[in-house]
Amino acid sequence: MASLPRLQHENGNQRQGNHQKGHGAGQRPQRIDVRLGDRFRIGVAVDQNGLGGDDGEGRTDRSAFFKDELENWFVLCQSEGVEPLAWKGSYAGAIGMAQFMPSSFNKYAVDLDGDGHVNLHHSAADVIGSVANYLAEFGWKRGLAVRFDVKPPQDLEMRAALLAADVLPTFTVAEMADQGVILPPTASAVDSALALVELQNGDAAPSYVAGTANFYAITRYNRSSYYAMAVVSLGEAVRRAANGAGA
Ligand SMILES: [Ca+2]
C-alpha cells in the first residue's frame, strides 16, 4: 500500500472546503472538499437535511460534529496506513463490528491481538478489547450488577422525582427505598449509586429497573435505555447458553 501524505494542518483552513450552513429542505447536498497533500482530493457529500442544518422540523445542526469525525477519519487512516476510501462503515461513519465512530476509534480502540493494527472489521479480539476499553473508560466496574428489577413508587410525585435523574446513577439503595422503590434483597449491598429507569412496553404496563454505574456505562455507547436493556438481555442469554443452561 502506498504511504499516505501527511494531513495539512498548517493554516487551519485546509479542511474547511466550501460547506455552508444549511438553509432548509429541498437543497442539493453540499460538499466538503478535503486535500490530502497533492495526491488525493476527496469530496465528501454532506446531506444537510440528514447530517447538517435544521430542516425546519427541529433537527439539530450536526455539521460541526461530522466535520470533526471527518478529521478523525483522516487521522485514523494515517495511523493505520489505510487508504481513505478502502474501508466501509455505516451511512453515518460507524466502523466495523464495534460500530465506533472515527473519534471513538482514535480514543478507545485497542490492538488486543497484538498484530500491530487495530482491526474492528475482522479481529474479534480487537473488537472485544476495544468495547471493553470503551466501557471501562466510562466507569464500568468489574463484577458489579448492571441492573435490578424493581417496583416503582406508587406516589407519582416521588416516582417523577426519581425519574428526573434519567439514567445517571444518583440515589443510594436507602434513598430509593425511602422514596418507595421496592428493590430485591440482592441490591442491598450494591457498591454503586442507582438510577430509576422506566421502560415502556407498548400497551402493557411499563417495566422498571434500578440501573447501576454499569448500566450508565452502556448508555455512553448509545444513550437509549432500551438499547442498554437489549445489550444486557442479550449478554445474559449468551451467558446462560455458555453455561449450558440454554438461552
Ligand atoms: Ca489487532
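Everything below is about the structure printed above this text.
Residues numbered from 1 in each chain as written. Predicted model: local features only at pLDDT ≥ 70, side-chain atom pairs only at ≥ 80, totals over all residues.

Student: Help me understand the overall build of the chain, please; the structure alone is not making it clear to me.
Tutor: Looking only at helices and strands, the chain has seven helices and five strands in total. Starting at the N terminus and ending at the C terminus, the chain contains elements arranged as β-β-α-α-α-β-α-α-β-β-α-α. (Helix = DSSP H or I, 4+ residues; strand = E, 2+ residues; numbered from the N terminus.)

Student: I'm lost on the sheet that holds strand β5 (residues 204-211) in this one. Help?
Tutor: Whether parallel or antiparallel, the strands of a sheet pair through hydrogen bonds between backbone atoms. The three strands are arranged β3-β5-β4 in an open sheet whose pairing can be described as antiparallel. Every interior strand has two partners, whereas the edge strands, β3 (147-149) and β4 (195-201), have only one. Going from strand to strand, the sheet's axes swing by 30° on average, the running direction of each strand aside. As paired elements, β4 and β5 share six bridges and run antiparallel to each other. Opposite asparagine 201, over in β5, you have alanine 204 as the bridge partner. (Pairing = 2+ DSSP bridges. Axes fitted to C-alpha atoms, helices over the stretch in contact; angles between N-to-C directions.)

Student: What am I meant to see in unusual backbone geometry here?
Tutor: For residues besides glycine, phi is generally negative; the peptide bonds are generally trans as well. Even without being glycine, glutamine 99 reaches a positive phi, approximately 50°. Checked against the element boundaries, glutamine 99 lands in the loop between α1 (63-80) and α2 (102-108). Positive phi values are uncommon outside glycine, yet aspartate 166 reaches one of about 55°. Looking at the element boundaries, aspartate 166 is found in the loop between α4 (156-163) and α5 (173-178).

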